[in-house]
Each structure stands twice: as structure tokens, then as C-alpha cells.
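Fold and contact review
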Amino acid sequence: MKRKIFILNISFILLTLVFTPFIHAQQQHQNRHQKQKGKAKLFTLKGKVVDWDYNCVKKAIVLIPEISKSVETDESGSFKIIQIPQGQYHVEVFAEGFMNYSSDVFNLEDDKLKYGIVLIKKISRQIVVTATRTPKLYDETPVKTEIIDSRDIKIKAAANLAEILYQTTGVRVENDCQNCNFSQVRINGMEGKYTQILIDSSPVVSAMNSVYGLEQIPSDMLNRVEIVKGGGSALYGGNAVAGVINILTKEPQINKTNFKLHQESISGRPFTNVGFNSGIVTKDLNTKAFLFATYQKRDPIDLNEDNFSELGSISNTSFGINFYNYFPKVNGNLKLGFFRIFEERRGGDLFDKPPHEANTTEWIKTDQIGLSSDWKHDLSKKLHYNLSFSFIDAKRDTYYGSHMDPNAYGATKNPLIFLNSQLNYQPGKHVFSLGFQYKRDQIKDEAIGYNRIIEDVYHESGFFIQDDFKIGKTFSLLTGLRLNKHSTLNRIIITPRASILVNIMRELSFRTSFSTGFRAPQVFDEDLHITQVGGEGMMITNSLNLKEEKSYSINSGFDYGKQIGNNLIQFSLETFYTKLFETFILHEVSRMENARLFERINGPGSKVYGFSFDFGLVLGPMLSLASGWTIQRSKLEEPEPDFNSREFFRTPNSYGHVNMHYKNNKLVDIYLSLAYTGKMKAPHFAGYIDEDRLETTMPFCVFNLILRKPINFSESSRASIFIGANNLLNSYQKDLDKGADRDSGYVYGPVKPRSFYAGFEFSF
């Protein structure tokens with residue numbers, strides 16, 4: 001035993017003698033390394049996290065995995081990580097509602113390095129309000145909603161609402177007059193009168209304002225646009241047969257000011273668009289204000305060299321302010337809004353002379369003043385209510401005449417008041433909404449030259465109840481009932497609506513909606529617009545026995561979306577069917593001096609049906625592809641009386657778009673788009689031609705290109721310079737009528753011919 005202990009002691013001594021020098025050397029090396037490390041320079045990494053719209057992303061986690069250091073972004077999206085040794089690192093960012101971000105490896109060698117990070121929103125995590133009038137994630141909403149956000153508006157370099165809606169699947173904006181360029185929006189092929197246009201969820205775009213309103217509402221006023229096809233929700237009136245377009249104005253989140261200059265050349269004639277908007281936010285975020293102002297001016301443009309304009313002159317000035325205040329003690333939000341839009345437009349010839357000294361003139365001077373207030377109050381987590389008031393005072397002076405007619409002047413006044421009250425109660429998985437709405441629409445229109453005086457006041461009230469029921473993670477059911485009373489009708493009309501959402505799997509969902517609607521026999525949009533045909537005006541009156549037009553619609557579709565790393569793929573397929581009863585149609589009943597008189601009567605009925613599909617692909621933050629197409633049919637049950645046709649006029653059976661966006665902050669952003677419109681039937685009335693005839697138009701394609709160079713001056717100041725071309729191939733209508741006796745309503749092609757533009761935006 002002693003021998004074994006002796007051998008172990010000798011072995012331990014020998015091992016100690018052998019390894020002690022190596023251990024001592026290693027300790028000296030470590031000591032030297034620690035001393036060098038203590039003397040090594042430490043660095044600071046600063047940066048800002050934003051989304052694709054350059055909005056700050058607050059409370060995002062910014063991590064450097066190599067040293068396990070992380071921070072959270074502040075209210076402005078900024079972050080700072082200090083005391084970082086020199087070396088190679090990469091950054092990872094995590095934020096709710098956004099895809100995880102991982103940067104390339106970089107060398108940290110410069111002190112206080114600045115790093116900009118752009119996050120991609122997750123699929124379908126956008127907030128929508130149109131279906132329920134309450135903020136709700138889109139992927140939890142049974143009603144399908146198309147969203148055009150501020151990023152899309154900026155990419156398109158859109159000046160107004162008409163250009164914002166361009167290239168939206170199932171939506172077409174068309175120019176309907178060669179003189180004044182009256183435009184309307186069609187959803188699934190149905191005329192503009194079937195679509196309800198809202199501003200901040202209030203139907204204040206009146207009969208008169210809708211005639212030219214698409215071009216009068218400036219993009220600087222808007223944050224985003226939500227589009228619901230079909231009825232889908234009981235919160236809106238019966239006029240929402242084809243769908244709802246909800247224009248949502250901006251609520252600022254940070255102090256930010258933007259300037260924009262957009263200069264366009266259309267066939268060598270200038271179009272100028274200057275815009276300004278500014279957001280003001282207090283430090284406690286309880287008080288906010290948003291101001292905007294725009295100016296647009298376009299010279300008249302003659303494309304077929306007949307000395308009559310195809311695009312009339314426009315001068316538009318708009319400004320407004322929104323004020324927001326949150327009252328934390330009572331948990332309430334107040335919004336006050338004001339805007340004014342003044343526009344003068346004119347088409348025809350001899351622009352240097354008064355309208356009545358020209359051969360043909362359509363001249364319109366519009367002045368709109370809008371006031372609104374909205375109060376939202378959370379009484380508890382389960383109970384809250386909303387009260388809102390909107391007022392639009394719209395006036396316009398007009399001249400619709402030809403051959404130097406001194407009596408073709410007119411004037412219209414159209415004040416509109418809208419009141420809304422809504423109570424929401426949330427017991428468990430239900431959200432019950434109960435509300436009452438009232439609208440007063442007064443129209444006084446005088447056209448002495450046509451012996452026309454319209455002086456009416458329309459009262460419309462609606463009571464609605466709606467249940468938004470979330471049945472587990474798989475099913476959601478939105479049901480509602482609306483009772484409508486219109487002053488032109490002697491009975492209450494009931495319009496039930498229902499929508500279902502089925503989340504088949506995480507990436508795949510199914511939505512279907514059923515809705516009913518009606519249109520009361522009153523004056524609607526184009527009734528207050530007189531189209532010149534052969535030097536004569538077209539007037540429309542209602543038959544004494546005219547009944548309301550009724551409808552029911554079914555919309556169903558699938559949405560698929562999947563994230564693969566930093567890439568997104570989306571696909572949707574939607575079918576739609578709308579049946580109209582007692583369809584309003586027009587037929588000519590007589591001719592009077594300087595005018596043709598048409599009467600609106602009830603037809604036998606009609607239907608619109610078809611399908612549309614969207615495809616989107618996002619390859620990281622730099623490249624995205626999108627395409628949307630609609631195939632449809634629009635038929636009357638019996639042929640209309642003037643041309644013996646069963647097809648809806650000016651409604652193509654197929655149309656769609658394809659676009660590509662390449663985003664490179666170091667070089668240039670590129671946006672390419674192609675829009676296709678198929679054949680359609682268009683009425684062509686005698687004047688320039690010898691007799692009325694129904695034309696079949698040729699299909700056309702419009703190719704657009706935009707190049708944008710972003711410039712970042714600092715974390716809070718940035719600019720961009722852009723150049724672009726609309727309708728690059730000049731696919732414009734070739735068979736336009738000519739002269740004073742032309743049919744100015746025979747317009748079916750693209751809104752504008754080939755044009756080039758350039759501009760810049762600056763924000764700080």
C-alpha cells in the first residue's frame with residue numbers, strides 16, 4: 001500500500017514539473033490578451049427601424065447575436081448599442097406584425113456607425129375598419145377588403161383619388177366625357193352610382209360631388225383607401241350594391257413635414273401638382289394635428305387637331321386640417337376635421353373667351369367646404385360607443401352649351417348632413433353593434449337654358465344591428481340587418497347581410513358574403529352632368545311610376561398567403577354574382593330646343609357575374625411582383641330599347657394589370673406596370689356621325705414606368721427624385737369625334753395619352 005502511494009506522489013510531481021511551464025505560459029498569454037482588450041477601442045452602433053412606408057417601428061428588438069447585446073427602439077424607431085468591440089457582426093430585428101430581419105455580416109470599424117433597417121409586414125396583418133367601423137386585423141375580418149396604403153400611393157406617384165384607384169383588381173376608373181373629363185369608378189363592371197364612396201367611414205360624397213370628385217380629392221389628404229366589393233356589412237346604406245370605397249385621412253404618429261412637386265407634360269402641355277402636409281404630435285402623444293394643402297393646374301389639350309380639347313383645363317386648390325385629442329381620464333378620443341376644395345375646369349374650344357362665346361364649352365366651378373367631428377368613448381373593455389357628424393356644403397356654377405348659347409349657364413347647391421351613432425358591446429367572442437344613421441341631401445339645380453329646375457330634399461335614415469362572432473380560431477361570422485327609410489319611398493326597406501370567414505389552415509382562408517341593396521328613385525351622379533351630343537344637351541328625368549331598384553349579391557373567394565424566409569407569396573380567387581331587379585334604364589322620349597330628353601324607367605332586370613384573381617410575390621425587401629385580372633359578364637334580361645343590346649355599355653368582359661417594383665435605396669427604385677382593357681360596347685350618338693350606332697371598341701394596353709431615387713440626409717430628413725412616363729406606348733383612342741357637334745360621351749380609352757413627368761419629394 002505504501003509502495004502505491006509513493007508511486008502516485010512521484011507521478012504527480014513529474015506531471016507538475018512537465019505542465020507547469022505550459023500553464024504559466026498560457027496564463028501570461030491570457031493576461032496580455034486581457035490587457036490588450038482593456039485598451040481596445042469600443043464602438044457604438046446607432047440606427048433606425050422603419051417599415052416600407054418609412055414609418056417608424058417602435059418597440060422593435062434589435063440584437064447583435066455575436067455578443068448577445070440587444071436594445072428596444074424608441075418612439076421614433078431609433079436604437080443605440082454601445083461598447084461593442086471591433087469585429088465582424090450581424091444584426092437581427094424582431095417586431096410584432098413584421099417579418100424577422102437578419103442583416104449581412106459587416107465589419108464594425110467606424111465609431112458610431114449608423115444602420116438603417118427596413119422591415120417587411122407579415123401577410124394580412126393590416127388593420128381595416130370599413131366592415132365593422134372598429135379597428136380589426138384583416139385576417140380576422142369575414143369581409144374581404146382591398147387595401148391601398150400610403151406606400152402604394154407613393155409608388156404610383158398618384159395626384160388624386162382617381163389615380164390612386166388605378167390598377168386595383170375588379171376596379172376601373174374611366175373618363176366619360178371628352179369635354180370636361182367627368183370620371184367614374186366601376187367595381188366589378190357596375191356603374192359608379194352603385195358604389196358608395198366614404199370619407200372616414202361617412203357617406204358625404206354626394207350626388208353632385210361624385211361627378212368630378214375622383215379627381216378633386218388630393219392624395220396628400222389620404223392615408224389609405226379600403227375597398228369592399230359587394231355589400232358585406234349592414235353599417236352602410238343600400239346604395240352599396242357594387243361595393244364601398246372608404247377614404248381614410250391621415251392621423252400623424254410623429255412630427256413630420258412633407259413637400260412634393262410633380263411636373264408632367266401631356267402632349268407637350270403642362271400639368272403641375274404641388275403638395276404639402278405636416279403632422280404635429282405632442283410628447284405625450286395625446287394631441288395631434290395634420291395639415292395639408294395642394295395645388296393642381298392643367299392646360300387644355302387637343303389631341304386630334306380639331307381645335308377642341310380632349311383633356312380640359314383644370315385649376316384645383318385644396319387645403320384642410322385634422323385635429324386629434326385623447327382624453328386619458330375618460331378614455332375618449334376626439335377628432336375634428338375641416339377641408340376646402342376649390343376647382344375650376346373647362347373643356348371645348350376658344351378658352352380665351354367667355355363660355356357663351358365659344359362653339360362648345362363645358363365649364364364647371366366647384367367650391368366644397370367639409371366639416372366633421374368624431375367622438376369615440378371606451379366605457380369599459382367590453383362597451384364603447386361612437387358619435388360622428390359630417391357636413392359638406394358644395395356649390396358649383398356651370399355652363400353646358402354650344403354654338404354661343406347665352407342661356408346655357410346654371411348653378412347648383414348641394415349641402416349634405418350626415419349623423420352617425422354606434423354602440424359596440426363585446427360579451428365573450430361576440431361584438432354586437434347597434435346604431436342609427438341619418439342623412440339629409442338637398443339639391444337645388446337650375447339650368448335656365450334647358451328650362452330645368454330641380455329643388456329637392458332627400459331624407460334617408462337607417463337603423464342597423466350587427467353581430468361579429470368569432471367561433472374559435474377557424475370560423476368567424478358577421479351577420480347584420482338594416483332598416484332603411486328614404487323620403488322618396490313610402491315603406492321601410494329591409495336589407496339583411498351576412499359574411500363568413502373560414503380559416504382552413506394557417507395559409508389558406510375562405511370568405512363568402514351575401515348582401516341585399518336598393519337604389520331609391522332620386523337624382524344620382526351623372527344626372528347633374530349634361531353630355532353634349534351634336535351641340536345638344538342630354539337631360540334625364542324620372543318616370544312618375546319609377547320604383548326603387550333592388551339587388552342581391554354573393555361574393556366568395558379563397559386567400560392564400562405563405563412566408564418562406566424573407567419571401568412572401570400570395571394568391572386570391574374571388575367569384576361574384578349580382579342580380580338587379582327593376583333595373584333603371586334610359587330611353588329618349590322627345591327633343592326640345594338645345595336638348596334631348598331621356599326618361600329613366602324600370603327595366604326587366606339584369607345580372608353581373610364573373611371571377612377575379614390576384615397573385616403577389618415578394619422576394620425580400622427589394623423585388624415584388626403583382627398581377628390581378630377580372631373576367632365577367634354583364635347582361636340585361638331583355639334588350640334595352642335604343643340599340644337592342646343586352647350588354648352593359650362601357651363594360652369590358654376582361655381587364656387586368658401586371659406590375660413589378662424593384663427597390664434599391666443605393667441605386668434607384670423601378671416601378672413598371674401594364675394595364676389591359678378588353679373589348680366593350682359603347683353607344684355613339686349622331687352629331688359628328690350621321691346616325692346613332694353601337695360600337696364595339698378595340699382592346700388596349702397602357703404601359704407605365706417610374707424611376708425613383710431615394711436620398712437620406714439624416715435619420716429624420718430624406719428626399720426622393722422621380723421621373724416617369726404614363727401610357728408609354730400612347731395607346732389612346734383613335735376614333736374620337738371632332739368639332740362642335742361631336743358626341744363628347746363617346747370616350748372609352750385610357751384617361752390620358754402618353755405623358756412624361758418628373759418631380760421630387762422632401763420630408764423632415
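As shown above, the structure is provided for reference.
The paragraphs below set out a description of the structure included in this document. In this text, all values refer to a predicted model and were calculated from it rather than measured experimentally.

**Structural notes on the overall build of the protein**
- When you go through the protein residue by residue, the secondary structure sums to 4 helices and 45 strands.
- Looking at the protein as a whole, 53% of its 764 residues qualify as buried.
- Sequence separation of at least 24 residues holds for 64% of the intrachain contacts in the protein that already meet a minimum separation of 6.
- Surface summary for the protein: the accessible area is close to 34,300 Å², and the carbon and sulfur share equals 59%.

**Some points on a nonpolar patch on the surface**
- On the surface, L423, L434, F436, F463, I465, L481, L483, I492 and I494 cluster together into a nonpolar patch covering about 760 Å² of accessible area.
- Mapped by element, the contributors of at least two residues to the nonpolar patch are β26 (430-447), β27 (452-471) and β28 (475-486).
- Judged by its relative accessible area of 36%, F463 is partly exposed.

**Considering the packing of aromatic side chains**
- By the definition in use, this model includes 18 aromatic pairs.
- With a centroid separation of 4.9 Å and an interplanar angle of 50°, the aromatic rings of F510 and F558 are classed as tilted. Residue F510 is found in strand β30 (residues 508-519), and its partner F558 is found in strand β33 (residues 549-564); the two are separated by 48 residues along the sequence.
- Note on F510: relative accessible area 23%, which makes it partly exposed.
- Looking at F558, the relative accessible area reads 39%, which means it is partly exposed.
- Here the aromatic rings of Y577 and Y609 are separated by 6.5 Å at their centres, their planes lie at 35°, and the arrangement is tilted. Of the two residues, Y577 sits in strand β34 (residues 567-581) while Y609 sits in strand β37 (residues 606-619), which places them 32 residues apart along the sequence.
- The ring of Y655 has R172 lying over it, and the distance from NZ or CZ to the ring centre is 5.9 Å.
- The positively charged end of K579 is found above the aromatic ring belonging to F581, 5.7 Å away from the centroid.

**Notes on the sheet that holds strand β16 (residues 222-229)**
- Sheet architecture is open: 4 strands sit in the order β12-β16-β17-β15, paired in mixed fashion. Pairing within the sheet leaves two strands with one partner each, and these edge strands are β12 (146-148) and β15 (195-199). Across this sheet, the average inter-strand angle for adjacent strands is 15°, counted without regard to direction.

**Digging into the sheet that holds strand β3 (residues 69-72)**
- Strand order in this open sheet of 4 strands is β3-β2-β6-β7, and the pairing throughout is antiparallel. The open sheet terminates on both sides in strands that have one partner only, identified here as β3 and β7 (101-102).

**What to know about the pairing of β33**
- Pairing of β30 with β33 involves 12 bridges; the strand directions are antiparallel. In the strand pairing of β33, T516 is matched with Y552.
- When β33 meets β34, the two strands line up antiparallel, connected through 15 bridges. Along β34, the bridge assignment pairs Y552 with K579.
- Counted along the chain from β33 to the antiparallel partner β34, the turn is 2 residues long, and its residue G565 has a positive phi close to 65°.

Rules used in this analysis
- Here the residue numbering is sequential within each chain, running from 1 through the sequence in written order.
- Selection of residues for local features in this predicted model requires a pLDDT of at least 70, selection of side-chain atom pairs for listing and counting requires 80 or more, and totals for whole chains, interfaces and linings are taken over all residues.
- Only hydrogens and water are removed before side-chain values are computed, so all heavy atoms of the structure are retained for them.
- Runs of H or I in DSSP of at least four residues are treated as helices and runs of E of at least two as strands, each being numbered from the N terminus.
- Any residue under 20% of the maximum accessible area for its type is buried, any over 50% is exposed, and the rest in between are partly exposed; the area is computed with a 1.4 Å probe on protein chains only.
- Here, residues are in contact when the closest pair of their heavy atoms is within 4.5 Å.
- Where accessible areas are quoted, they stem from the Shrake-Rupley method and a 1.4 Å probe; at the residue level, only the protein chains shown are allowed to cover.
- For patches, a residue must show more than 30% relative accessible area and have no salt bridge; joins then use 9 Å for like charges and 5 Å for nonpolar side chains, namely Val, Leu, Ile, Met, Phe, Trp and Tyr.
- By salt bridge we mean one thing: a side-chain nitrogen of Lys or Arg within 4 Å of a carboxyl oxygen of Asp or Glu.
- By convention, a stacked pair of Phe, Tyr or Trp rings (six-membered ring in the case of Trp) has centres within 6.5 Å and planes under 30 degrees apart, an edge-to-face pair has planes over 60 apart, and any other such pair is tilted.
- Here, over-ring charges are defined by two tests on the NZ atom of lysine or the CZ atom of arginine: distance to the ring centre within 6 Å, and angle to the ring normal within 35 degrees.
- Pairing between two strands requires that DSSP report at least two bridges joining them.
- Angles here are taken between N-to-C directions and fall from 0 to 180 degrees, while the axes themselves are lines fitted to C-alpha atoms, restricted in helices to the stretch in contact.

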